[in-house]
Amino acid sequence: MNTDKHSQGPKKEDYLSHIAFDSVIFGFNGKQLKILVLEYQNTGLFALPGGFVKRNESLKDAVTKGVMERTGIEDLYLEQFHTFGNLDRFDSKAMERILEMNGLDIKAHEWLLDRFISIAYYALINFEEVNPIPDPLADSIEWYSLDELPPLMMDHEEIVQKALETLRENLDKKLLGMNLLPTKFTMKELQNAYEKIMGETFKRTAFQRRMLATKNLVRHEKLFTGGAHRAPYLYSFKIK
């Protein structure tokens, strides 16, 4: 909801009817996978960052601007992955509560109580390199690990699961395009990243064969630590 502390909330005439967006922002630091979730002010309601589309802006601009306003994170690369439009994907009571707790007139914002089709986006970033800032509607915005997610409003848990499925299907491309690992890394570090995001374990030799077969890796010198164990090779992603 694009608003600020001095506004009267979004006006119906400024926005496209029944169109919204939601974003699943994954954070990964090479060891843990987390999701960014906000808590609406004084409601105990948890949700994904989202918003609406103005009549005079493109969907892409609305999402880029809206996510920045809701999270404080700039220059975020978001990919569209699914559209959600189930008949039950609205909760008028929850929205009434959000409006009421933020001092917004329910009658004037009655259009927000209706059902919206939501276009969903996802992103993958290093959560250690950003400092999310909650917008005026939220008490907090925090990183949560997958197994510690709070109950999310409406169909946001379904959105998270679909986003996770999409991330896992495109993990090769995502890790290749993002700086989520050291410039040079060991095969063990790469395997750990895959296991944490995929939620499963892999046999070391099979994983190594699969990664080398992608032709996306460049092998470098060995990593000597002075220990008695055999030194592993370092790798980097091939720049395309």
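Every chain's residues receive numbers from 1 upward, in the order its sequence appears when written. A pLDDT threshold of at least 70 governs which residues receive local features in this predicted model, and a stricter bar of 80 or more applies before side-chain atom pairs are shown or counted, although totals over entire chains, interfaces and linings include all residues. Values shown for side chains rest on all heavy atoms present in the structure; no hydrogens or waters enter the calculation.

**Comments concerning the overall build of the protein chain**
Strands are runs of DSSP state E lasting at least two residues, helices are runs of H or I lasting at least four, and both sets are numbered from the N terminus onward. Broken down by element type, the protein chain carries six helices and ten strands. Residue burial is assigned from relative accessible area. The probe radius is 1.4 Å, only protein chains are included, and a residue is buried under 20% of its type maximum, exposed over 50%, and partly exposed in between. Across the 240 residues that make up the protein chain, the buried fraction comes to 47%. Note on areas: these come from Shrake-Rupley sampling with a 1.4 Å probe, and a residue is covered only by the protein chains present in the view. For the protein chain, the exposed area adds up to about 13300 Å²; of that, 48% sits on carbon and sulfur atoms.

**Overview of the domain arrangement of the protein chain**
Much of the literature gives interface size as the accessible area that the parts lose upon coming together. Parsing the protein chain into structural domains produces domain 1 (12-170) and domain 2 (181-237). Counting residues at the interface gives seven residues for domain 1, matched by six residues for domain 2. Between domain 1 and domain 2 lies a buried interface of about 600 Å² when both sides are counted; carbon and sulfur atoms form 67% of it. The working definition used for a salt bridge is a side-chain nitrogen of Lys or Arg within 4 Å of a carboxyl oxygen of Asp or Glu. Our count for the domain 1 to domain 2 interface comes out at zero salt bridges. Whenever a nitrogen or oxygen atom comes within 3.5 Å of another N or O atom, the pair is scored as a polar contact, on the condition that within protein one atom can donate a hydrogen and the other can accept it, and that pairs from neighbouring residues in sequence are kept only if both atoms are in side chains. The interface formed by domain 1 and domain 2 contains three residue pairs in polar contact (both at pLDDT 80 or more). An automatic or database domain assignment supplies the start and end points of every domain. Contacts: residue pairs with any heavy atoms within 4.5 Å of one another. We define buried area as the total accessible area lost by two parts upon association, computed with a 1.4 Å probe and summed across both.

**Digging into the packing of helix H5 (residues 187-198) against helix H6 (residues 204-213)**
For the pair H5 and H6, interaxial distance at closest approach is 11 Å and the crossing angle is 95 degrees. Relative to H6, H5 is oriented roughly perpendicular. On H6, the residues that touch Met187, Leu190, Gln191 and Tyr194 of H5 are Arg204, Phe207, Gln208, Arg210, Met211 and Leu212. Its residues assigned to classes, the contact of H5 with H6 comprises six nonpolar, two polar and two charged. Fitted lines through C-alpha atoms give the axes, limited to the stretch in contact for helices. The angle between two N-to-C directions lies from 0 to 180 degrees. For classification purposes, an angle smaller than 35 degrees is called roughly parallel, one larger than 145 roughly antiparallel, one from 65 to 115 roughly perpendicular, and anything else oblique. Classes in brief: Ala, Val, Leu, Ile, Met, Phe, Trp, Tyr, Cys and Pro nonpolar; Asp, Glu, Lys and Arg charged; the others, Gly included, polar.

**Some details on the side chain of Asn102**
By the secondary structure assignment, Asn102 is in the loop between helix H2 (92-101) and strand S6 (117-125). Under the relative-accessibility criterion, Asn102 is labelled buried at 19%. Leave out the neighbours within four places in its chain, and Asn102 touches Gln41, Pro136 and Leu137.

**Some thoughts on the sheet that holds strand S8 (residues 185-186)**
Pairing is antiparallel in the open sheet, where three strands are placed in the order S8-S10-S9. Among the strands making up the open sheet, the edge pair consists of S8 and strand S9 (217-222). Here S9 runs beside strand S10 (residues 233-237); their pairing, made up of four bridges, is antiparallel. The residue bridging Leu217 from the neighbouring strand is Phe237, located in S10. When DSSP finds at least two bridges between two strands, those strands are taken to pair.

**Looking at the packing of aromatic side chains**
Only Phe, Tyr and Trp rings are paired, with Trp represented by its six-membered ring, and only when their centres lie within 6.5 Å; those with planes under 30 degrees apart are stacked, over 60 edge-to-face, the remainder tilted. Overall, the coordinates contain twelve aromatic pairs when judged by the stated rule. Centre to centre, the rings of Phe52 and Phe116 are 5.1 Å apart; their planes meet at 45 degrees, and the pair counts as tilted. Placement of the pair is Phe52 in strand S4 (residues 50-54) and Phe116 in the loop between H2 and S6, with a sequence separation of 64 residues. Taken individually, Phe52 and Phe116 each receive the classification buried, so the pair is uniform in this respect. Ring geometry for Phe81 against Phe84: centres 6.4 Å apart, planes inclined by 70 degrees, an arrangement best described as edge-to-face. As far as burial versus exposure is concerned, Phe81 and Phe84 are alike and both buried. Taken together, the ring pairs in this structure connect Tyr15, Phe52, Trp111 and Phe116 into an aromatic cluster. To sit over a ring, a charge needs its Lys NZ or Arg CZ within 6 Å of the ring centre and within 35 degrees of the ring normal. The lysine or arginine in question, Lys174, covers the ring of Tyr122, its NZ or CZ lying 4.8 Å from the ring centre.

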